[in-house]
Amino acid sequence: MHAAVSDTRSAPRTPVPARGPDDWRFCVAPMMDWTDRHCRAFHRQLSRRARLYTEMVTTGAVLHGDLERLLGFDPLEQPVALQLGGSEPDALARSARIGEARGYAEINLNCGCPSERVQRGAFGACLMAEPALVADCVKAMRDAVSVPVTVKHRIGLGRDESYDLVRDFVGALHDAGCRVFVVHARNAWLDGLSPKENREVPPLRHAVAHRLKADFPDATVVLNGGLASLEQALAAQPGVDGTMLGRAAYHDPWQLAGVDARVYGEPGPVPTRAEVVERMIGYAADRRTQGVPLRAIVRHMLGLYHGRPGARAWRRTLSDARLLTGADEGLLARAMREVEAAAHEGEWHAPRSDATSVPAHRDADPT
Ligand SMILES: Cc1cc2nc3c(=O)[nH]c(=O)nc-3n(C[C@H](O)[C@H](O)[C@H](O)COP(=O)(O)O)c2cc1C
């Protein structure tokens, strides 16, 4: 059964134990401003097994910020990995410990973010040029926590497409005990491309992830980048341990409804979209008592009817600023009724051919 909506307050709790490489067979990518707790709660209604990641949280924020706001999450979201941004072994170790105490199932270090702000902080993708420092970070984090410490990285820097840099990077982290590598299979060009362009312009080279798996057979290698559907995520799995979907999962979340059966071979009913909405109505009602505006939840649900009759009505109702002002969860029920009515009237919102091509304002530079 899908997890019921549960209490949201984040007292320290025990992380879900790691079971093995299978845990990473299907992941939803960390995405700044997108994969917040409400997004993850929604995605969890669609798949029990997909591994979910937080947005990147910097060590500075963890060590000095409002922990409940930054790290609070609902146990129903598990398994959830906390992604950290930083480059100071001690600060990362302390942040990892805080994350583990909050119940996160994994601590992931971001070595792939290309944004200028992150470069100024000397972390993210530019860390790929400093394998010894990252190895120290990994060691410090591994000493601090018992949950898996993992790294998400690119396959190179700038226009240099030689394999050596990423092999030596992964090798150094492997020596430091890291055994899970999430490979965003493009270089990061750190000279003027926006983060959005850095997800589109540097060529995708999935073969590099396969080569890493061949060279580090005892490591869990998760391939990420440019996978536009669950179908493509499955097709890309031979030769790696798992695949990670980012934009496609966000814009067409129904992709996740196939994960448990098709990736994990788990029998069991797939909820209908209407059942998912019902559960989210319960979730939104619960959050309303804590002052969470409906908008913060439904903004992640706009793609639920992607490519289905009624998609336009659904999206229109749930993104109407006037309707959302002061709205309660009843608006979700209304949007569903409008979907049904539009479907009866024969509205057909044709699927976009490219699930990863999104309106610019939705994929704005998040960092
Ligand atoms: C809006 C947005 C925000 C992102 N934020 C992060 C982040 O915080 N940490 C990270 O490692 N990657 C981040 N990424 C990159 C994704 O995790 C992923 O590597 C990238 O989108 C490629 O996967 P895809 O082609 O399946 O989307 C972000 C991507 C998007 C679209």
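Residues numbered from 1 in each chain as written. Predicted model: local features only at pLDDT ≥ 70, side-chain atom pairs only at ≥ 80, totals over all residues.

1. Focus on the nonpolar core
No. 1: One finds Val138, Met141, Val183 and Val222 to be the most contacted residues of the largest nonpolar core, which totals 104 residues.
No. 2: Element by element, the count of residues in this core is highest for helix α6 (residues 131-144), at 6 residues.
No. 3: Setting aside chain neighbours within four positions, we find Met141 in contact with Leu92, Ala93, Ala96, Ile107 and Val149. (Core = buried A, V, L, I, M, F, W, Y, C linked by C-beta atoms within 7 Å. Buried ≥ 20, exposed ≤ 12 C-beta atoms within 10 Å, placed from the backbone. Helix = DSSP H or I, 4+ residues; strand = E, 2+ residues; numbered from the N terminus. Contact = placed C-beta atoms within 7 Å.)

2. Brief notes about the site of the ligand
No. 1: Every one of the 26 residues lining the ligand counts as a neighbour, but Ala29, Met32, Met56, Gly246 and Arg247 are closest to it.
No. 2: Those elements that provide at least two residues to the shell around the ligand are β2 (51-58) and α10 (247-251).
No. 3: Here the residues of the shell around the ligand are counted per class, giving 11 nonpolar, 9 polar and 6 charged. (Near = placed C-beta within 6 Å. Nonpolar A, V, L, I, M, F, W, Y, C, P; charged D, E, K, R; others polar.)

3. Here we look at the sheet that holds strand β7 (residues 220-224)
No. 1: One closed barrel accounts for 8 strands, arranged β1-β2-β3-β4-β5-β6-β7-β8; its pairing is parallel. Between one strand and the next, the sheet's axes are offset by a mean angle of 25 degrees, whatever the strand orientation.
No. 2: Across 5 bridges, the pairing between β2 and strand β3 (residues 80-85) is parallel. Within the sheet, the bridge partner assigned to Tyr53 lies in β3 and is Ala81. (Pairing = 2+ DSSP bridges. Axes fitted to C-alpha atoms, helices over the stretch in contact; angles between N-to-C directions.)

4. Considering the confidence of the model for the chain
No. 1: Considering every residue of the chain, the mean pLDDT works out to 91; 90% of them sit at 70 or more.
No. 2: Note on residues 349-367: pLDDT under 50 across the span, and 31 contacts to partners over four residues away in sequence or across chains. (pLDDT = per-residue confidence, 0-100.)

5. Quick look at the environment of Phe216
No. 1: Mapping Phe216 onto the fold places it in the loop between α8 (206-215) and β7.
No. 2: In this structure, the C-alpha to C-alpha distance between Phe216 and Ala93, residues 123 residues apart in sequence, is 25 Å.
No. 3: When residues no more than four places from it in sequence are discounted, the contact partners of Phe216 are Val170 and His174.

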